[in-house]
Amino acid sequence: MKISPQRHQRLGEIVRFAVVGVMATLLQYAIYWLLLRWLSPTVAMTIGYGVSFVFNFVASTRYTFRVKASAKHGAGFALSHAVNYVLQMVTLNLFIWLGVPKQWAPIPMFCVCVPVNFVLVRFFLKR
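Residues numbered from 1 in each chain as written. Predicted model: local features only at pLDDT ≥ 70, side-chain atom pairs only at ≥ 80, totals over all residues. Heavy atoms only, no water.

### Some words on the environment of Val119
- Here Val119 shows up in helix α4 (residues 106-126).
- The exposure class assigned to Val119 is exposed, which follows from its relative accessible area of 54%.
- Put simply, Val119 and Ser80 are 39 residues apart on the chain and 9.0 Å apart in space, counted from C-alpha to C-alpha. (Helix = DSSP H or I, 4+ residues; strand = E, 2+ residues; numbered from the N terminus. Buried < 20%, exposed > 50% of the residue type's maximum accessible area, 1.4 Å probe, protein only.)

Structure, rendered in structure tokens:
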């Protein structure tokens, strides 16, 4: 069975998104884990998110979606990540409030936020 070029391209995007996403998520989580000793979960996650955001933009434009970085793409990426950031803060604090230890609360948070982020980022970078 032959795969159409569009389907092959989309599958490649999903695989590349997963690779970049795992790296960005691990970077964000490592920074969060390290800073959690001295800062609140929200502040620690915000700093981790900021560092991860820069890495993620460069990797997403150059590697995942293979588009030229531009002000338009940057604005769309920033908007999608603003939505994602709010969703992460809400879900992080919800899971902590529900009793998940603050060291582990990002794990279910990522399970909710990563798929939403893929859809948003792809929409803004590929339209």
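On we go from here.
### Notes on the confidence of the model for the protein chain
- A residue-level look at the protein chain finds 91% of positions with pLDDT of 70 or above and a mean pLDDT of 86.
- Of all secondary-structure elements in the protein chain, the lowest mean pLDDT belongs to α4, at 81, while helix α2 (residues 41-64) reaches the highest, 89. (pLDDT = per-residue confidence, 0-100.)

### Let's talk about the packing of aromatic side chains
- Applying the stated criterion to the full structure yields five aromatic pairs.
- For the ring pair Tyr29 and Phe110, a centre distance of 6.3 Å and an interplane angle of 90° mean the geometry is edge-to-face. One end of the pair, Tyr29, is in helix α1 (residues 5-35); the other, Phe110, is in helix α4, and 81 residues separate them in sequence.
- A network of ring pairs unites the aromatic residues Tyr29, Tyr32, Trp33, Trp104 and Phe110 as a single cluster. (Phe/Tyr/Trp six-rings, centres within 6.5 Å; stacked < 30°, edge-to-face > 60°.)

### Some words on the side chain of Gln28
- Turning to its location among the elements, Gln28 is positioned in helix α1.
- Among the residues examined, Gln28 registers a relative accessible area of 4% and is labelled buried.
- Separated by 2.7 Å, the side chains of Gln28 and Gln88 make a polar contact.
- In this structure Gln28 touches Met45, Gly48, Tyr49, Ser52, Gln88 and Phe110, once residues within four positions along its chain are discounted. (Polar contact = N/O pair within 3.5 Å; in protein donor to acceptor, adjacent residues only side chain to side chain. Contact = heavy atoms within 4.5 Å.)

### A few points about the environment of Val90
- Here Val90 is to be found in helix α3 (residues 71-97).
- The sequence separation of Val90 and Met109 amounts to 19 residues, and the corresponding C-alpha distance is 8.9 Å.

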